[in-house]
Amino acid sequence: MSNASVPGINAAVQQDAAHLADFILFSQRNCILQLSPTLTEAKVSYPQFFLLAYLEDLAPDESISMGRVAKMMGHSTAAATGMIDKLQVLGMIQRVMAASDRRKIMVRITEKGRELVQQMRGRIAGDLARMMAEPDTRAKLAAAGRKISRNQGSPLF
């Protein structure tokens, strides 16, 4: 647990924050361990999986531009195109032409990609449910998770 002190924040809040940070780090490690075997088998990298998870949150027929993919992933358009190429070969992503401009290429998740994300979310949610079995712990962590999610602009997972 961290001993970092934040001026102006009471010690009890800082201690709770340190415990939450430990929980997040543990959870992140656990999620990565859960993801590794399945993603290796599916031949999907972590960045590719995170893109699939983002796309899975969109409406079933919603697609996004390559520029939006690049911006969201923090990559160049060329790097994003390479990522999309690999996911398309795996059958996880589908390229479509934009209705408003046929020159513009859009991408959306396929049912196969959606199933992979849902399978992994289910496993992770099961692990979190076991960790959050105590009612008091569950309420505190759920509230913290909602606040973190709102501040990041996307679900935790």
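A.B. asks: Would you take a moment to explain the overall build of the protein chain for this structure?
C.D. replies: Scanning the protein chain from N- to C-terminus turns up six helices and three strands. From first element to last, N terminus to C terminus, the protein chain shows the α and β order α-α-β-α-α-β-β-α-α. Expressed along its principal axes, the backbone C-alpha trace of the protein chain runs to roughly 60 × 35 × 25 Å. By the burial criterion, 33% of the 157 residues in the protein chain qualify as buried. Counting contacts in the protein chain only where the partners sit at least 6 residues apart, residues at least 24 apart contribute 52% of the total.

A.B. asks: I tried to follow the packing of aromatic side chains on my own but got confused; where do I start?
C.D. replies: For any two aromatic rings, the description comes down to two numbers: the centre-to-centre distance and the angle of the planes. Using the criterion set out here, one finds two aromatic pairs in the structure. For the pair Y46 and F50, a centre-to-centre distance of 6.5 Å together with 25° between the ring planes defines the contact as stacked. Here the residue Y46 and the residue F50 both occupy positions in helix 2 (residues 46-56), the gap between them amounting to four residues, near one helical turn. Relative to F50, the ring of F49 lies with its centre 6.0 Å away and its plane at 65°, an arrangement referred to as edge-to-face. By relative accessible area, which is 0% here, F49 ends up buried.

A.B. asks: Would you take a moment to explain the sheet that holds strand 1 (residues 64-65) for this structure?
C.D. replies: In a beta sheet, neighbouring strands pair by backbone hydrogen bonds and run either parallel or antiparallel. Sheet architecture is open: three strands sit in the order 1-3-2, paired in antiparallel fashion. Pairing within the sheet leaves two strands with one partner each, and these edge strands are strand 1 and strand 2 (93-97). Bridge count between strand 1 and strand 3 (residues 105-109): two bridges; the pairing is antiparallel. Following the sheet pairing, S65 is matched in strand 3 by M106.

A.B. asks: I'm lost on the pairing of strand 3 in this one. Help?
C.D. replies: Side chains on a regular strand alternate between the two faces of the sheet. Across five bridges, strand 2 lies against strand 3 in antiparallel orientation. Within the sheet, the bridge partner assigned to M97 lies in strand 3 and is I105.

A.B. asks: Got a minute to help me understand the layout of surface pockets in this structure?
C.D. replies: Over the atoms, a rolling probe the size of a water molecule traces out where space has been left empty. In this structure, the second largest pocket spans a volume of roughly 310 Å³. Every element with two or more residues in the lining of the second largest pocket is listed here: helix 1 (11-42) and helix 6 (135-152). Among the elements that line the lining of the second largest pocket, the one with the most residues is helix 1, at six residues. Classifying every residue of the lining of the second largest pocket by side-chain character gives six nonpolar, two polar and three charged.

A.B. asks: Just checking my understanding: could you explain unusual backbone geometry for this structure?
C.D. replies: Trans peptide bonds make up the majority, and among non-glycine residues the majority have a negative phi. With a phi close to 65°, K43 is a non-glycine residue in the positive phi region. By the element assignment, K43 lies in the loop between helix 1 and helix 2.

Definitions and limits used
- Counting restarts for each chain, with residues numbered from 1 along the sequence as it is written.
- Local features in this predicted model are restricted to residues of pLDDT 70 or higher, and side-chain atom pairs are both shown and tallied only at a pLDDT of 80 or more, whereas totals for entire chains, interfaces and linings draw on every residue.
- For side-chain calculations, the full set of non-hydrogen atoms in the structure is used, while hydrogens and water are omitted.
- Helix numbers and strand numbers start at the N terminus; a helix is a DSSP run of H or I with at least 4 residues, a strand a run of E with at least 2.
- Only protein chains enter the area calculation, which uses a 1.4 Å probe; residues under 20% of their type maximum are buried, those over 50% are exposed, and those in between are partly exposed.
- The criterion used for residue contact is that any of the two residues' heavy atoms lie within 4.5 Å.
- Here a pair means two rings of Phe, Tyr or Trp (six-membered ring of Trp) with centres within 6.5 Å. Their orientation is stacked below 30 degrees between planes, edge-to-face above 60, and tilted elsewhere.
- Paired strands are those between which DSSP finds at least two bridges.
- Points on a 1 Å grid, built from protein atoms alone, make a cavity when a 1.4 Å probe fits but cannot get out and make a pocket when they are open with protein on both sides within 12 Å along at least 5 of 7 lines; residues with an atom within 4 Å of a point are the lining residues.
- Grid points are joined across faces, edges and corners, and a volume is the space filled by probe spheres set on the points.
- Under the scheme applied here, ten amino acids are nonpolar (Ala, Val, Leu, Ile, Met, Phe, Trp, Tyr, Cys and Pro), four are charged (Asp, Glu, Lys and Arg), and all others, including Gly, are polar.

These results come straight from atomic positions and should not be treated as a statement about function.
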